[in-house]
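# Breakdown of the fold
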Amino acid sequence: MTHSPRRRPARRSTRAVGGAALAAVLVFAPVTAVAADAPATAASSPAPTASASPAPTVSSSPALAADVPELSAPASSATPAAAPAAAAVDAMNYVVNAVPGAVTTEAASAAVVAAGGTVLARWDEIGVVTARSTAAGFVDRVRASSSVESAGPTRTAAVRATPDADTGGDAESSAVPSTGVQATGLAERVADVADPGEERRWNDQAVHAAEARAVQPGSPDVLVGVLDSGIDATHPDLVSQVDPAASVGCSVDGVADPDPAAWAPSSDAATSTREHGTHVAGIIAAADDGRGVVGVAPGVRLASVKVVDADGFIYPEYAICGYMWAAQQQMDVTNASFFVDPWAAWCSADPDQAPALDAVARAVAWSQHEGVLDVAAAGNATVGAVAVDLAHKTADSLSPNDSTPQPGRDVSQGCSQLPAEVDGVVTVSSAQQGGGGSIEKSRFSNYGAGVVDLTAPGAAVLSTVPGGGFAALSGTSMAAPHVAGVAALLASVHPGATPAELRDLLARQAGGETPSEYFGAGMVDAFAAVTEDLGRGAVAVAPDGVLQAGAAAILRGAGFVPGETVRAEGEAFDDSTSTVADQRGRVQLPVRLSPGTPTGPLSFSVVGSSGSGAVVDVEMQEALAGPVVTSPADGDRLPSGQAVVVEGTSVDSARVTVTVEPAGSPLAGDLPAGDLPATARASAAAPAAAESSTVRAEQDGTFRATFAGLAAGAWQVSAVTWTVDDVVSATGPVVLFAVDPVPAPVPGDEAGVPAEPGAAPAGPGSASPTPGASPGETVVPAGAPGHPLAADPARASSAALAWTGSEPGPVALAALLIVAVGVVGVGVGRRRRVDETR
């Protein structure tokens, strides 16, 4: 989608140009080496003529004058007049600095042509000209001109041609590959993930981005420039976020090219370079559309400002073009997750490095003058090296990175990383999750008291990559865009703030973690950005304005009275503890709504003991489905005297609480009250206590709980899950079953002897009736619930004894003897009567 740039009055920065400190080479955290594209052979070529970017006429110093005219027409693109013949050398690019203003910059451009060079671009408002020359002695002749303040090369390797047909850009680069933005290692890589489903990860939680989005996702009037390797604007999470009209390619000679191919990722770049800009863009503002990932400020617009060539280099002319474009487009925020090549530290005392140092600083200062807040990464340690204390630098043995490094180069005085150590830039270190809710500095992150301004998550951050995919990458490159996103939120709620005011708000609202040499003012806070320093009173929200029934959650609040007790009020809360507002009036309030809370909109109050209050509006999501009991089955009848084993399925490794309790009514359907034995009906009517057992589900989700001694009668069983991340499920489906009563002894003979002489023995296959049961009723033995089996009549009494757990005792034996004597007496009596008859 295309948006017209928002026009606003110029917001002037009072900061001066400058800065001092060393950065490490990589912005990505290194883990394993990844080779870049093979270098091509350097070759001399005629210097191409390029159109310069729009050049407003101003009269100012590097500190920049207050009165600035509107942008003037672009400088002429005509080929400059030929310079006097000079010996040819390999092509080299240069920066040439003059007093800012149209007349003085024009004079410097003329000096370039006179010395045998070609003007690539010029910016009258900062007095900078970029040029190319193959003439020997070019830089000395330019420096000799009275209209030139300083001049120097932008690199140490000759310019070479490397056409890139796919992107329409990167037509030149240096002779060796760069390590500038290449991820020479990834702390974590998420492969083949089409849709992470906007799962909240630690980085989102650490900066309270979801809570901020519930209040303010960012304004479409705010434009964030991603100065990087290009953005894949076809990615589903970015297609609606990138403003093509505000995007540009600067990676060919530092000349602005608005063609979409010029600001897209280079197809022939190493994967780490190609992915970098798209990954950074997703952290800032990936769409909040229910799929993929979601950025810190999904409501703002993005501009792709490509300043990285296919080999991964960011030369000074690229960066100058990027910052000047940001100023021209009136961007609100820029993010620079890189350092300017080929020097890890550009030194003001070096005549070849100082001109580029000055030119880049002028461009950054001009962007701030025009209302842009610039954010940059602090940089990373190289493979096997320790992170660098930017406030106490010593030597650099890694630069230049486009030719042979100079071992032991002294960078202890007057040397600065670009752009992170230019005055006014917000410099960001990387933090990761520590123990007990704390944070710790990422191993790879550079640091430095007075250099690092803020910290943000930079370890294993999941975000977008070209082609519609996602990857988790690590580095200060990933930390800086979190801050850029929060700065965009601040710009959304403070539309008239200057860059200096936004910078101060970022620091004042940060978490305050220590030590400051690692974290600056602390962890950046997105929620504070949209709730504090606005005079809006107390406010409390749930993450993304959503709560799940039964799930533990933390409500975040601001604007409460420091020290007051704060609690949530409402009948739906299963668990709502109170908390105390901190010295800044912030609260973190644990809550849990009942699993039975209906889905849909819900409002409740959060109140403070001193009178503060806020209404929380949320969208309730359905509770996690409860466990399913698979045994006993609904309607089963189980024998007395044996343990009842309940089995079922739940969530892997979750705690499952199984509860058996008397049924609220006789078992319906299959077991009506009239079909229960009389003793079972009596037991069902009698009060009985519920029993619960909590067990741990296996990794496959199955669980098993055992209950012994259940009384005869009608019962019901159900279960509830407690997941490892503290989510309570709804109650699972209720299963009804019955426990049969203990069978009574056979009337008249507990030993199994017929009650009367001459009683016919039971035939094979006949069933022994259960006492108190209807004729034909069968016994349900343990181990086969729900499957009636015919009882052996000869074993009926002993089976009944076994069910009750009893065995024949002395009284039973005596009874047997009495019966035996009686039987003998009967036989004798009969025999006597026969004899007497005879």
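The structure we're discussing is the one just above.
A brief look at the structure comes next. All of these numbers come straight from a predicted model, not from anything done at the bench.

Conventions adopted
- Residues numbered from 1 in each chain as written.
- Predicted model: local features only at pLDDT ≥ 70, side-chain atom pairs only at ≥ 80, totals over all residues.
- Heavy atoms only, no water.
- Buried < 20%, exposed > 50% of the residue type's maximum accessible area, 1.4 Å probe, protein only.
- Helix = DSSP H or I, 4+ residues; strand = E, 2+ residues; numbered from the N terminus.
- Pairing = 2+ DSSP bridges.
- Axes fitted to C-alpha atoms, helices over the stretch in contact; angles between N-to-C directions.
- Parallel < 35°, antiparallel > 145°, perpendicular 65-115°, else oblique.
- Left-handed = near helix turned anticlockwise from the far one by under 90°.
- Contact = heavy atoms within 4.5 Å.
- Disulfide = S-S within 2.5 Å.
- Expected span 1.5 Å × (residues − 1).
- Polar contact = N/O pair within 3.5 Å; in protein donor to acceptor, adjacent residues only side chain to side chain.

## Some remarks on the pairing of strand β27 (residues 587-593)
For a regular strand, side-chain orientation follows a simple rule: the groups alternate between the two sheet faces. Of all seven residues in β27, five are buried, a share of seventy percent or more. Here six bridges tie strand β23 (residues 552-558) to β27, and the two strands are oriented antiparallel to one another. Residue Leu555 lies in a different strand from β27, and its bridge partner there is Leu589.

## Some details on the packing of helix α6 (residues 316-328) against helix α7 (residues 354-369)
Direction vectors running N to C along α6 and α7 enclose 15°, while the axes themselves pass 8 Å from each other. Classed by the angle they form, the pair α6 and α7 counts as roughly parallel. Crossing hand, α6 versus α7: left-handed. Contacts between α6 and α7 involve Pro316, Ile320, Tyr323, Met324 and Ala327 on the former and, on the latter, Ala356, Ala359, Val360, Ala363, Val364, Trp366 and Ser367.

## Topic: the state of the cysteines
Going through the model one piece at a time under the given rule, you end up with two disulfides. Two residues, Cys250 and Cys321, share a disulfide whose sulfurs are 2.1 Å apart. Between Cys250 and Cys321, the S-S torsion sits near -60°, and that sign places the bridge as left-handed. Taken together, the residues span a long stretch of sequence, with Cys250 in the loop between β8 (248-249) and α5 (271-285) and Cys321 in helix α6 at a distance of 71 residues. Like Cys321, Cys250 is buried. Two residues share a disulfide in this structure: Cys347 and Cys415, whose sulfurs sit 2.0 Å from each other.

## Observations concerning α6
Between its first and last C-alpha, α6 extends 18 Å over 13 residues, near the 18 Å set by a 1.5 Å rise per residue. Counting buried positions over the 13 residues of α6 gives 13, a clear majority of the element. At the C-terminal side of α6, Gln330 shows a positive phi close to 55°.

## As for the side chain of Asn380
For Asn380, the position within the fold is in the loop between β12 (373-377) and β13 (395-396). Of note is the side chain of Asn380, whose polar atom sits 3.0 Å from the side chain of Thr476.

## Details of the packing of α5 against helix α8 (residues 476-493)
Axis separation between α5 and α8 bottoms out at 8 Å; the angle between their running directions is 40°. The way α5 lies across α8 gives a crossing that is right-handed. In contact with His276, His279, Val280, Ile283 and Ile284 of α5, α8 contributes Ser477, Met478, Pro481, His482, Ala484 and Gly485.

## Considerations on unusual backbone geometry
Glycine aside, the phi torsion of most residues is negative, and most peptide linkages are trans. A cis amide bond links Thr514 to the next residue, Pro515, at an omega of 5°. With respect to the helices, strands and loops of the structure, Pro515 is situated in the loop between α9 (499-509) and α10 (516-519). With an omega of 0°, the peptide bond running from Ser631 to Pro632 counts as cis. Position of Pro632 among the secondary structure elements: in the loop between β30 (628-631) and β31 (636-638).

## Section: the sheet that holds strand β34 (residues 691-696)
Spatially, the five strands line up as an open sheet ordered β31-β37-β36-β33-β34, and their pairing is mixed. Of all the strands in the sheet, just β31 and β34 have a single pairing partner and so form its edges. This sheet shows a mean twist of 30° between the axes of neighbouring strands, independent of strand direction. Relative to strand β37 (residues 735-739), β31 runs parallel, the two being bridged by three bridges. Within β37, the position partnered with Arg637 by the bridge is Ala738.

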